[in-house]
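An overview of the molecular structure
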2 protein chains.
Amino acid sequence: MSAYDELMAFARETEALKMISMRLGWDQETMMPRGAAEQRGEEMAAIESILHARRSDPRVGDWLASAAPEDAVGQAQLREIRRDYDRATKVPADLAKALARLTSLAQGIWAEARANEDVAAFLPTLEEVVRLRREEAAALSAGGDAYDALVQDYEPGSSGGEIAAIFDAMRPRLVDLRAAILDKPVPAGLTGTFDPALQMAVSDALARAFGYDFTRGRIDTAVHPFSSGSGADVRITTRTNPLDPFNCFYSTIHEVGHGSYEQAIDPAFALTPLGQGVSMGVHESQSRIYENQLGRSRAFTGWMYDQVQSAFGDLGLDGPDAFYAAANRVQNGYIRTEADEVQYNLHIMLRFDLERAMVSGDLPVKDLEAAWNDRFAADFGYAVDKPSNGMLQDVHWSVGLFGYFPTYALGNVYAGCLHEALRAAVPDLDAQLAAGDTSGATGWLKENLQRHGGLYTPRDVIARASGAAPSEGPLLNYLESKFGALYGL
Amino acid sequence: MSAYDELMAFARETEALKMISMRLGWDQETMMPRGAAEQRGEEMAAIESILHARRSDPRVGDWLASAAPEDAVGQAQLREIRRDYDRATKVPADLAKALARLTSLAQGIWAEARANEDVAAFLPTLEEVVRLRREEAAALSAGGDAYDALVQDYEPGSSGGEIAAIFDAMRPRLVDLRAAILDKPVPAGLTGTFDPALQMAVSDALARAFGYDFTRGRIDTAVHPFSSGSGADVRITTRTNPLDPFNCFYSTIHEVGHGSYEQAIDPAFALTPLGQGVSMGVHESQSRIYENQLGRSRAFTGWMYDQVQSAFGDLGLDGPDAFYAAANRVQNGYIRTEADEVQYNLHIMLRFDLERAMVSGDLPVKDLEAAWNDRFAADFGYAVDKPSNGMLQDVHWSVGLFGYFPTYALGNVYAGCLHEALRAAVPDLDAQLAAGDTSGATGWLKENLQRHGGLYTPRDVIARASGAAPSEGPLLNYLESKFGALYGL
């Protein structure tokens, strides 16, 4: 066997073990008896310890030094393997252990601080997390920008500066759009209660309408919806709230976007480093275009209105236009995860600017709360009332996820680019969506983006599919046009 | 760290990985999308390859050579680890690979032969399986008895001769009992159809009545019911057939017996080699005593009759005595897995004698069908009509499981011994069972047997709990007494 073949055989086994670890994660959130948590922790630690040893296995370094793949696919495989290997070997083992220990404790400290609205109780821990992540970034970047080094874990090839350029161009137009919308009356929402079993039946129909392949996946419920797995076994979760069926429906469509991406990847890449979505941002572009540009379109909500009415009877709304408005309500709110299409990116940009300043050292952790509250008031026009609605709302920083937040908004930016190209490629898209037929849209996404898995870099795969380098223009044009019409701006 | 501590740390991680492998097996039979089978095969192979390398890891040999545990628990841990290590290192790698390859193919060949009633199509494969297993037994036994060597995988410490002594004493009394019962009319069974969802509700109530801990387990459906996992995460499965609710109810109680054993093991043994049931036979003794001596008793079926009637309404049976008779019907039949309490052991003893003769070389594989059919006619009084009702009915031999069959009947023998001791220890057992209260029985089993896990050898743990070395007498006395009264013999 050549060095490349030996490396790939080793990598296949590693990918299979990663898949197992993901399956355990799915089981934990959906099926595991609650008394099993502690034992499961030890099982997860065992497989993580195997995976850790494989990531930094010296044979990988030897194989990488002499592997000579013959084609672009092989070179892309090496690119992915090398990034993992470099990351695993550059960070000193002691630092990696200290980070793992700290972040596993920090999540509990954060949760308690949030429950008690006690910022001071969280600050020393957050300071330590920032300190260790900066140390890690220094080991990874060898003198380069610390934040850029951290971003590579989530959006390889991107940088803080590049993201800032996009976000800074978005912010004023989004602030203006938001303010203009909130000057208008809020449309009526759904009222009453909605049987969770019927919500799940509609959810199934929506998943089928978006082409989710149930022979290679399944839908269960979980507290926080997620998608898990790749290739032939891609499972998604959703949730039901009797008062808020839209939450169920759009959680499902969102996760179907993630899951369909994984299901559509070229089977030749299965159980290889190229066999998964290429980045968090590109992944989010798929979930968001399914959920928003397609699932919240006037055309698709028209079809959906009939589905929801046949499941639940009269919704007390004045026809499909009112249903469309209800599915696209823009309202004041502090919480990122509950934000609408217009305001969501403002929540992200706030976090991005603050975390980048913390990592660079420009923003001391002790000043974070004031900085958060100032920025929130500037963009949203009202004051944060309590820390759980402010800087304590998200788990991410407690577990050391710096560089992750911007991928949510990058996903929206990518979705905007893809949507513009899709509209040009499928001129009768609205007629299809109005009939509940997403195959024109999802087929185009599969062909132009999803099937490639990790073959092209994030920036490249978006550029190939949309015909231009990613930029904020298409998303902003889409939002201004959609919400301008909906709110009569 | 001492050699013993290092060995145990390694063993804990191995046990955690085994638990993961079991969880994947559970997932495959209950949750996995059908299109994922091939990918799952590769995932299973990856974790099996990790486990294989750990089993024969040379460090284990070094640790075993110098480990000096301070107590009986430590010595029992070493006993279990040493058996696995010896087994893994004594069998040449080429032979292990050849066996794995052959048995994974052989199962498909057997299934096709069974579907086509074509013994000749299976014989060459079975010959090869027998040949390789004999070769393996020779490597394991170093000149000792081949069958005895194979039995160690399933019932450590037992031997073909010891089992034969018990079985030979059982056979004439069982043949006589069977013949006497079948001279009498067959009692009425349940007729009509029974909603699967209601069957599962009754099944849940039965599991609770037998003390199954749902905070550390769950019940799902599977084609072939099984129990899986140990300690804090022990999952069982059952099945429903609209025409045969007893199959669901007694599959559940049987698997609750297996699962409760695993749930009751001393938590100090969790994720160690002592943290599982000690042998197949002892495991089966728990499933069988729950299912038969307790679950099919007149006392418990009286309580169960009320449960089943409140779920399904009138059963068309003439009261609880008729329900008891229906749950204990003895009827002619070819198939082991459908056999009643009386005839089941005859099916096992037939297989035991034939497989022992094949492994010793006394019975050439080409003569198996004739030997099977002769023996069946002698014990059951009528002829096998087709191979799928005869020597092709079970999967076990195709996958190389020689030495496994006798553990089913050993389990019944052990259950007989335990039941006799339990009756002496809990004099008002029937009054408890008649009220649906199994806690006296299951508490006694937990205290005297289940909590020990792998601490004592199979023979020892039965002798400690029942007060005497295992023997067939108690089981035969119980069967003759119970069925004598039921059938008026």
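Calculation rules
- Residues numbered from 1 in each chain as written.
- Chains lettered and ligands numbered in written order.
- Predicted model: local features only at pLDDT ≥ 70, side-chain atom pairs only at ≥ 80, totals over all residues.
- Heavy atoms only, no water.
- Axes fitted to C-alpha atoms, helices over the stretch in contact; angles between N-to-C directions.
- Helix = DSSP H or I, 4+ residues; strand = E, 2+ residues; numbered from the N terminus.
- Parallel < 35°, antiparallel > 145°, perpendicular 65-115°, else oblique.
- Left-handed = near helix turned anticlockwise from the far one by under 90°.
- Contact = heavy atoms within 4.5 Å.
- Least-squares fit on C-alpha atoms with pLDDT ≥ 70 in both.
- Expected span 1.5 Å × (residues − 1).
- Buried < 20%, exposed > 50% of the residue type's maximum accessible area, 1.4 Å probe, protein only.
- UniProt positions renumbered as here; feature names shortened; annotations may be inferred.
- Phe/Tyr/Trp six-rings, centres within 6.5 Å; stacked < 30°, edge-to-face > 60°.
- Lys NZ or Arg CZ within 6 Å of the ring centre and 35° of its normal.
- Domains from an automatic or database assignment.
- Buried area = accessible area lost by both parts, 1.4 Å probe.
- Salt bridge = Lys/Arg side-chain N within 4 Å of Asp/Glu carboxyl O.

Brief notes about the packing of helix α9 (residues 196-209) of chain B against helix α12 (residues 298-312) of chain B
Residues and elements named next belong to chain B. Contact geometry for α9 and α12: axes closest at 10 Å, N-to-C directions at 150°. It follows that α9 is roughly antiparallel to α12 by the angle criterion. The element α9 and its partner α12 pack so that their crossing is right-handed. Residues L198, Q199, V202, L206 and A209 of α9 lie in contact with α12, whose contacting residues are F300, W303, M304, V308, A311 and F312.

Notes on the relation of the copies chain A and chain B
For these two chains of identical sequence, chain A goes onto chain B by a turn of 180° and a shift of 0.0 Å along the axis, with RMSD 0.0 Å. Such values leave the two copies arranged in the relation of a two-fold axis. Most of the interface of chain A is mirrored in chain B: 100% of its interface residues are interface residues there too.

Description of helix α16 (residues 405-425) of chain A
Here α16 of chain A contains 21 residues, and its C-alpha end-to-end distance of 31 Å stays within 8% of the 30 Å for a straight helix at 1.5 Å per residue. Burial analysis of α16 of chain A places 17 of its 21 residues in the buried class, the great majority of the element.

Here we look at the UniProt feature "binding site: Zn(2+)" (unreviewed entry) in chain A
Residue and element names in this part refer to chain A. Within the UniProt annotation, "binding site: Zn(2+)" (unreviewed entry) is assigned to H254, H258 and E284. In summary, the annotated positions, though distributed over 31 residues, converge in three dimensions, the widest C-alpha pair being only 8.7 Å. Inspection of the secondary structure assignment puts H258 in helix α10 (residues 245-264). The exposure class of H258 is buried, given its relative accessible area of 12%. Not counting chain neighbours up to four residues away, the residues in contact with H258 comprise S227, H283, E284 and S287. Structurally, E284 can be placed in helix α11 (residues 280-294). The contacts of E284, once residues within four sequence positions are left out, are H254, H258, T407, Y408 and G411.

Quick look at the packing of aromatic side chains
A full pass over the atoms with the stated rule returns 46 aromatic pairs over all chains. Arranged with centres 5.0 Å apart and planes meeting at 55°, the rings of F210 of chain A and F300 of chain A form a pair that is tilted. Taken as a pair, F210 of chain A in the loop between α9 (196-209) and β1 (219-221) and F300 of chain A in helix α12 (residues 298-312) lie far apart in primary sequence, 90 residues in all. The two residues F210 of chain A and F300 of chain A agree in class, both being buried. When the ring of F405 of chain B is compared with that of Y408 of chain B, the centres are 6.3 Å apart and the planes differ by 45°; the resulting orientation is tilted. Of this pair, F405 of chain B and Y408 of chain B both sit in helix α16 (residues 405-425), three residues apart, which is roughly one turn of that helix. Both residues of the pair, F405 of chain B and Y408 of chain B, count as buried. Taken together, Y154, Y344, W372, W397, F402, Y404, F405 and Y408 of chain A form an aromatic cluster joined through their ring pairs. The aromatic ring of F405 of chain A is capped on one face by R351 of chain A, whose charged end is 5.5 Å from the ring centroid. Taking NZ or CZ as reference, R54 of chain B lies 4.1 Å from the ring centre of F10 of chain B, over its face.

Overview of the domain arrangement of chain A
All names here are of chain A. For chain A, the domain assignment lists domain 1 (3-145) and domain 2 (146-489). Just the C-alpha atoms count here: the centres of domain 1 and domain 2 sit 25 Å apart. The partner domain 2 presents 52 residues to the 44 residues of domain 1 that form the contact. Where domain 1 abuts domain 2, roughly 4100 Å² becomes buried across the two surfaces, and 64% of that area is made up of carbon and sulfur atoms. Together, W26, R133 and D145 form the three largest contributors to the area buried by domain 1 at its contact with domain 2, with a combined 16%. Along the contact surface separating domain 1 from domain 2 lie two salt bridges. The partner of D153 in a salt bridge is R87, and the shortest N-O contact between them spans 2.7 Å. Looking at the side of domain 1 that touches domain 2, the elements with two or more residues in it are α1 (3-30), α4 (72-90), α5 (93-115) and α6 (119-141). With 13 residues, the single largest contributor to the side of domain 1 that touches domain 2 is α6.

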